[in-house]
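# Summary of the model geometry
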Amino acid sequence: MMESSESLSVLRLNEVKKAYHSGHEDLEVLKDISFEVKSGETVSIIGPSGSGKTTLLGICAGLDQPTSGSVSLCGQDISKMGEDERAEVRNASVGFVFQNFQLMPTLTALENVMVPLELRGEKGARKHAEELLAKVGLKDRVSHYPIQLSGGEQQRVALARAFVNRPSILFADEPTGNLDSETSVPIVDLLFDLNKNSGTTLVLVTHDLELAKTTDRLLRIDRGRLTEVET
Amino acid sequence: MAWRDMRRAKRQLALFALAVVAGVAALVAINSFRANLESEMDRQSRSLLGADVEYDANVPFSDKAEALISMVPAESIAREIKFATMAYFPTKDDTRIVRTHAMEGGFPWYGKLDTRPAGLRVADSDRAVALLEDSLLLQFDLEVGDPIKIGDQEFEIIGEVLRVPGEGSFTGSFAPRVLIPMAFFEATGLSQYGSRLQYYAYQKFDDLMVEPSLEVLEGLKDELEGMDVDVDTVADQRRRIGRTLDGMNSFLSMVGFVALLLGGVAIAGAVQVYLKAKTDAVAILRCLGASTSQAMLIYCIQISIVGLLGCLSGAILGVSIQSFLPELMKSFLPLELQVEISWSSIFSSLLFGWLFTSLFAFLPLLPLRRISPLRAIRASVEEGGKAWKDLGFLAVMAALLVLTGVFTVTQTQTLGQALGFFGGILAAMLLLASIGWLLRFALRRMNFAGLPYVWRQGLSNLHRPNNRTTMLVVTLGMGAFLIYTIYISEQSMLRQGELADNEGQPNVILFDIQPDQLPGVEKVIDELGVDAIRPAPIVTMRLQSLNGETAQELIDDPERKIERWAAHREYRSTYRDFIRDDEELTSGVFTANASLDSGKPVPVSVEQRVVDALQLKLGDRIVWDVQGLPIDSEVTSIRRVDWREMKPNFFVVFPAGVLEAAPAFYVTAAHANDKETLVALQSSVVKQYPNVSAVNLTMVLESLQEIFDKISFVIRFMASFTIVTGLIALMASVITSRYQRSRESALLRTIGASAKQIRGIMGVEYALVGIIAGIAGVGLSLLSGWAVTKYALKVELFIPWGVTFATVAIVAAMTLITGMLNSLGIAKQSPMESIRSDG
């Protein structure tokens, strides 16, 4: 595909396959996928339900391993790493935003945001987390538990958590999927805002074509195959 | 629908069932056993006594008493004299204290004197033969045909006695029984003064005359008892044994009940977590048009069915345990017990267990009624309202309390005991719950800024929403509390005599030495080179009056809360002109010499325990009945002695010059350096002076230990149900919170936590809960141990600190291990789960 220098590439997949055993046959979910994302780029992956979007995202982010092929994330080949090593890479360089927010129900908003820094044992986690929560407009909700927050507020907490460890790359999986259109707009604005300010690379999985069009590049996945869409 | 909804949660529900099992099993086992015992006692009621009536006194029956007894129409009469004495085994040249029964006549007429070989009797034998308790033959390696010497008379051992009607084999643990013919009692030479003999007469009524005979007896009873003759009929004996066994059974069934209670608490916790996952399902059902009661009913049915299954398995387990109980408690039972299935007890225990646990399970079910269908479309809708304001919640709580109350009263059969037990358990649970609450409260306010993340997260999990801290502290703490209370009570009791093993402390005590035998005994002691204390004379006396009030008036006086034993006991007092080094004079002045002729009251020194029991103070006047002679005395000093010292200690010490003329016998204690010297001392004294008892204190301690082992085994057996339930409760709570945990840890994995960090967080959490539960439970048991030793056992509390800390560590380790074993795999959870949309 594209030729570019290693230093600019944040994510590179090379002939990645993913197959699952289903009964007596193998079900190939991802077929020979190769692509590259450069530092600071924003990329959308679109596709219908069951096309393999989430599987691809999981492999890109080092949550899952490919059956074959290689994945390089922030200059490290994560396809050969064990789960704990990958966890280290994720903690150091990756941020996540999920459709269903995925906040820890037993932690307050502030504590949720602090977790990635605390896992690293970084000092000043609280101050940094407070600043970020203020930035996403939740200054007064720091000590609330997720159940006490609205959907939009929960996603703001999730955004703050995603950016708190200053990730090189952010994966967002249907970030507005669980929100109404009114709530969605400010969340998307916030996401892009934060992304721009921190210079993070963004990989966005969505089936909202309008949202997808706002990114630099658009990739379409269908029945396990990935194609680049000209915007 | 209830069934369909259950399919995916089989494992969680199986655990609820399991939490019920142990409690119900314990209840069924104990209650069936109790029913068995009751019916057996009714069936064999006459064999509990072996006769229709028993008379006993500690002096030979007077002519008048004999005349009264002979007025009761009876078919036959039998007699027995029981006394503790030293037995000497010539073939082994060894001695042991035994309880001798000199028997005459056909007693027992009911039940059987169980012997090996079967059918042996000694009562009317014209040969000097003896039946020995089986343990005695075993201990001294004796065989049938060997001789045994009681006093001056040698008997031939013809067999073993296994059971005496009305007595459990436990009775013989301390002093094993030896049965001899009455005809040879005189020949033993033990009927002289100083021996403590108990005289018995038994009557068998004509079968057709039982009622009239009892009526006559009823008319004479008061008169006989006025002459210090105790009269016991079959009904009295049945009542007395019933009371003892009831006490034991109530205790055991209460322990079973605690297991059930813990199971209930565990179930409530487990159901709560289970239903958390069902909240959305209920909201959806409500959206689809299900009414509140329909939605509730689904889970009510589920929980009741699972509870019932648990109770049924518990009942089956209980029935199989029941068959072990008679074996386990054999030594305490006065009769042989056949295991029978008591359907009524099984049914009632089952019903109670089921109702009780279902009610507990309904507690967390109630909030489901308030779930808004809105939740199905908006996840953030909150369930509102405090449980305390919910009428349904209050009704279930009230039902639980009433059920517990009814159960406690029926089990203990007395209101006072029921209240005491119920109050005690409730207080312990509340205390543990408040410790759990305090822990959460403290953790919430504490700042752990300096600690590593894993520690902070683990500690915070203990107070964050959905925590199980209080429940775990209560269940585990309760188990530790029960078991450790029993342990320290036992240890404190055993500790009483432990000093006897110490270097230089007396390990043999010689009592009942007659004045003329004293020089001879001292000579034996000298020849063996044994250290002995100066022999102390003993004069027996009773309290006649205190400050002008008679013993009976003192007891009847509601103003003076004196202890009954102190007013009625036979005091074995001594006299001397010095105070021993190991006695501590706490107030007053010890008077060394006095005389009866001075016209003044005799100055006496009283020990602190009697001072407490009779509420004495310096200057109080006591008149003692010294074998018919009243002696006026005044309390002029108060001493404290260490009762653990195995020396002859006395409640009352008279000055020299007062009691010398009164009939007395002597007691002394000695320390033999090795076992051979000890045996030699015992046997040479007993051979020369058969009436003297030379008791090996080490052996006494061993017997005591054995008795405790038997009791504590039964108690531990029952308490293990509580522990098992506690562990199941722990497992239930861990497994049911797995769902939530696995989400949390998948999420933590996603944002970069290592498996080690996740395990660390859980480890900190479980270890801390375990430590706190251990400390709380063990701490509480120290408190109750103090109460038990002070008020029930009347011994000093001994706390083995090493074992105490080890117990806390064991509870913590068990919690940690159970917690971690059940969480296996959670730390390894694939992070992919968090991005799959079901959440």
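Residues numbered from 1 in each chain as written. Chains lettered and ligands numbered in written order. Predicted model: local features only at pLDDT ≥ 70, side-chain atom pairs only at ≥ 80, totals over all residues. Heavy atoms only, no water.

## What to know about unusual backbone geometry
Filter applied, for reference: Numbering of helices and strands starts at the N terminus; helices are DSSP runs of H or I of at least 4 residues and strands are runs of E of at least 2. Think of it in three bands: residues with accessible area under 20% of the maximum for their type are buried, residues over 50% are exposed, and the middle band is partly exposed, with areas taken using a 1.4 Å probe on protein chains only.
A cis amide bond links B:Phe107 to the next residue, B:Pro108, at an omega of -5°. As for its placement among the helices and strands, B:Pro108 is situated in the loop between strand S3 (94–104) and strand S4 (114–116). Residue B:Pro117 is reached from B:Arg116 by a cis peptide bond, and omega for that bond is -5°. Structurally, B:Pro117 can be placed in the loop between S4 and strand S5 (129–133). A positive phi angle, close to 50°, is found at A:Cys74, a residue other than glycine. Examined against the element boundaries, A:Cys74 turns out to sit in the loop between strand S4 (68–73) and strand S5 (76–77). Here A:Cys74 falls in the partly exposed class, since its relative accessible area comes to 26%.

## What about the packing of helix H5 (residues 151–164) of chain A against helix H6 (residues 181–198) of chain A?
All names here are of chain A. Let me state the cut-off plainly: Only the stretch in contact is used when fitting a helix axis, every axis being a line fitted to C-alpha atoms; angles between N-to-C directions are given from 0 to 180 degrees. In these notes the angle categories are as follows: under 35 degrees is roughly parallel, over 145 is roughly antiparallel, 65 to 115 is roughly perpendicular, and the rest is oblique. Throughout, a residue-residue contact means that at least one pair of heavy atoms, one from each residue, lies within 4.5 Å. Note that Gly is not counted as nonpolar here; it falls among the polar residues with everything else outside the nonpolar set of Ala, Val, Leu, Ile, Met, Phe, Trp, Tyr, Cys and Pro and the charged set of Asp, Glu, Lys and Arg.
Across the interface, H5 lies against H6 with an axial gap of 10 Å and an inter-helix angle of 10°. On the basis of the axis angle, H5 is roughly parallel to H6. Counted together, Gly152, Gln155, Arg156, Leu159 and Phe163 of H5 and Thr183, Pro186, Ile187, Leu190, Leu191, Leu194, Asn195 and Ser198 of H6 form the full contact between these two elements. Among the residues making up the contact of H5 with H6, the classes are represented as seven nonpolar, five polar and one charged.

## Things to note about the interface of chain A and chain B
Defined as follows: When two parts are put together, the accessible area they lose, computed with a 1.4 Å probe and summed over both, is reported as buried area. Salt bridges are identified by distance alone: a Lys or Arg side-chain nitrogen within 4 Å of an Asp or Glu carboxyl oxygen. The definition of a polar contact used here is a pair of N or O atoms within 3.5 Å, where within protein one atom must be able to donate a hydrogen and the other to accept one, and adjacent residues in sequence count solely through side-chain atom pairs.
Each side of the interface is counted separately: chain A has 34 residues, and chain B has 31 residues. The contact between chain A and chain B buries some 2900 Å² in all, and 58% of this surface belongs to carbon and sulfur atoms. The largest per-residue losses of area from chain A upon contact with chain B belong to A:Gln102, A:Thr106 and A:Leu119, which jointly make up 21% of the total buried on that side. Taken together, chain A and chain B are joined by two salt bridges. In this structure, the connection of chain A to chain B is made through six residue pairs in polar contact (both at pLDDT 80 or more). Counting only elements with at least two residues in the side of chain A that touches chain B, the list comes to helix H1 (53–60), helix H2 (83–93) and helix H3 (109–120) of chain A.

## Focus: the side chain of A:Asn195
Residues and elements named next belong to chain A. Turning to its location among the elements, Asn195 is positioned in helix H6. Accessibility expressed as a relative area gives 4% for Asn195, which makes it buried. Leave out the neighbours within four places in its chain, and Asn195 touches Thr42, Phe163, Thr200, Thr201 and Leu202.

## Considering the sheet that holds strand S6 (residues 94–97) of chain A
All names here are of chain A. Our working definition: A pair of strands is considered paired only if DSSP assigns at least 2 bridges between the two.
Spatially, six strands are ordered S6-S7-S8-S3-S9-S10 in an open sheet, and the strand pairing comes out mixed. Bordering the open sheet on either side are S6 and strand S10 (225–229), each of which pairs with just one other strand. Pairwise comparison of adjacent strand axes, ignoring direction, gives a mean angle of 20° for this sheet. The pairing of strand S9 (residues 217–222) with S10 spans five bridges and is antiparallel. Bridged to Leu219 within S10 is Glu228. Sheet contacts for H2: S6 and strand S7 (169–173); angle to S6, the most-contacted strand, approximately 80°.

## Side note on the pairing of S7(A)
All names here are of chain A. Most of S7 is tucked away, with five of its five residues classed as buried. Every second residue of S7 is oriented toward a common face, with Ile169, Phe171 and Asp173 on one face and Leu170 and Ala172 on the other, all of them buried. Inspection of the sheet shows S6 paired to S7 by four bridges, in the parallel sense. Among the inter-strand pairings, Phe96 is bridged to a residue of S7, identified as Phe171.

## So, the nonpolar core
Residues and elements named next belong to chain B. To keep it simple, the criterion reads: Think of a nonpolar core as a cluster: buried Ala, Val, Leu, Ile, Met, Phe, Trp, Tyr and Cys residues, connected wherever their side-chain atoms sit within 4.5 Å. Domain start and stop points were drawn from an automatic or database domain assignment.
Membership of the largest hydrophobic core comes to 65 residues, with the highest contact counts inside it found for Tyr571, Leu616, Trp624, Phe654 and Leu659. Looking at this core element by element, the count peaks at six residues for strand S13 (residues 536–546). For this core, the two domains that each supply at least three residues are domain 2 (49–238) and domain 4 (531–671). When residues no more than four places from it in sequence are discounted, the contact partners of Trp624 are Met541, Arg542, Leu543, Gln544, Tyr571, Leu629, Pro630, Ile631, Ser633, Val652 and Phe654.

## A closer look at helix H24 (residues 801–822) of chain B
All names here are of chain B. Cut-off, in case you're wondering: Expected span, for any helix, means 1.5 Å times one less than how many residues it has. The directions from the helix axis to the C-beta atoms are what the arc is built from.
For H24, with 22 residues, the first-to-last C-alpha span of 32 Å sits near the 32 Å given by 1.5 Å per residue. Thr804, Thr807, Val808, Val811, Ala812, Thr815, Thr818, Gly819 and Asn822 are the residues of H24 that are buried. Seen from one end, H24 has its buried residues packed into an arc of 135°, which puts them on one side. Exposed positions of H24 whose direction lies more than 90 degrees from the buried face are Gly802, Phe805, Ile810 and Leu821.

## Focus: the packing of H3(A) against H5(A)
Residue and element names in this part refer to chain A. This is how the line gets drawn: Each crossing gets its handedness from the near helix: less than a right angle anticlockwise from the far helix is left-handed, clockwise is right-handed.
Between H3 and H5, the least distance of the axes is 8 Å, while the angle of their chain directions is 20°. Considering the angle they form, H3 stands roughly parallel to H5. Read as a crossing pair, H3 and H5 show a hand that is right-handed. Every residue of H5 that contacts H3 at Ala109, Asn112, Val113, Pro116 and Leu117 is listed here: Val157, Ala160, Arg161 and Val164. For the contact of H3 with H5, the per-class residue count stands at seven nonpolar, one polar and one charged.

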